[in-house]
Each structure stands twice: as structure tokens, then as C-alpha cells.
Amino acid sequence: MSSQRVLPQSKETLLQSYNKRLKDDIRSILDNFTEIIKTAKVEDETQVSRATQAEQEHYEMHVRAANIVRAGESLMKLVSDLKQFLILNDFPSVNEAINHRNQQLHALQEECDKKLTNLRDEIAIDLYELEEEYYSSRYK
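The protein chain appears in an unreviewed UniProt entry as Mediator of RNA polymerase II transcription subunit 22 from Acipenser ruthenus. Recorded in UniProt for the protein chain, the comment headed Subcellular location (unreviewed entry) runs: "Nucleus".

This is the structure:
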């Protein structure tokens, strides 16, 4: 779209909230993925036993993976909301689609009218020939 349309304030606010949701979800995915990678690194000995540390890291990875999934689902919901917004608020393209379909149907109607007119003319000619044959025959 080369020309920007002026949107009412409520639509503009809604689009800004969609943009904020997008950025927040992408940031959440990136941060959680980064933390999973950091957790996967083997560190030097600490005061906590290896088994305890491994269990803690395992739990942290599960939580972060769940956060990534939640952010992904949120992005899918955002896509659905954007599609709904576009369908409900994109009147110029809806009108264009209606006009295009209207033109197609008018062309089809004209084609059908021409075929019916030709069929009527052919039937009239055949009927005239049949009437002439009937009235000129001796079997009438």
C-alpha cells in the first residue's frame, strides 16, 4: 500500500497494541531461548551438588520452554486477531472484491442472454420450417 489511510483513534490504538504484543512475544521467545542456551553450558563446581544443580537446570529449561510455547501461542492468536481485524476493517478491498464479482456475474448474464437469444432464433426458424411442412402436407 503506497498511500497511508487515516485510521480512527480506536483502530490506531488497537494496531499499536498489536505491535506491542508482537514485540513482547518475540522478546520473550528470544530471552527464554538465550537463557536455555546459557543453562546448557557446563559450569565449574559450585556449593550445590551436581545432581541438585542438574535438576534445577532441568526444571528451569522446562519452565523456559513452556514460556517459549506460550509466546508462540500468543503470536498465533495475534495473527488470528490481525486477520479478523483486516477482514472486518478493510472495506476498500472488500468493496473491490464485490465489484469484481459483480462484473463477473454481469458478463456471465450477458453471455447467457446471448445464448438464449440465439437458441430462441434457432427454435423459431425450426418451428417455422416445421409449420410450413405441416401446413403444406396432405396429412393435416
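Caption draft 1: Just the pattern of salt bridges, in detail. In this structure the tally under the stated criterion is eight salt bridges. When the shortest N-O distance is used, the salt bridge between Asp81 and Lys77 registers 2.8 Å. Placement of the pair is Asp81 and Lys77 together in helix H2 (residues 50–89), with a separation of four residues, close to one helical turn. Since its relative accessible area comes to 11%, Asp81 is described here as buried. Residues joined by salt bridges that share partners form a network here, namely Lys20, Asp24 and Arg27.

Caption draft 2: Structural context of the side chain of Ser74. Topologically, Ser74 is positioned in helix H2. Ignoring any residue separated from it by four or fewer positions in sequence, one finds Ser74 in contact with Arg21 and Asp25.

Cut-offs and rules
Residues numbered from 1 in each chain as written. Predicted model: local features only at pLDDT ≥ 70, side-chain atom pairs only at ≥ 80, totals over all residues. Heavy atoms only, no water. UniProt positions renumbered as here; feature names shortened; annotations may be inferred. Salt bridge = Lys/Arg side-chain N within 4 Å of Asp/Glu carboxyl O. Helix = DSSP H or I, 4+ residues; strand = E, 2+ residues; numbered from the N terminus. Buried < 20%, exposed > 50% of the residue type's maximum accessible area, 1.4 Å probe, protein only. Contact = heavy atoms within 4.5 Å.

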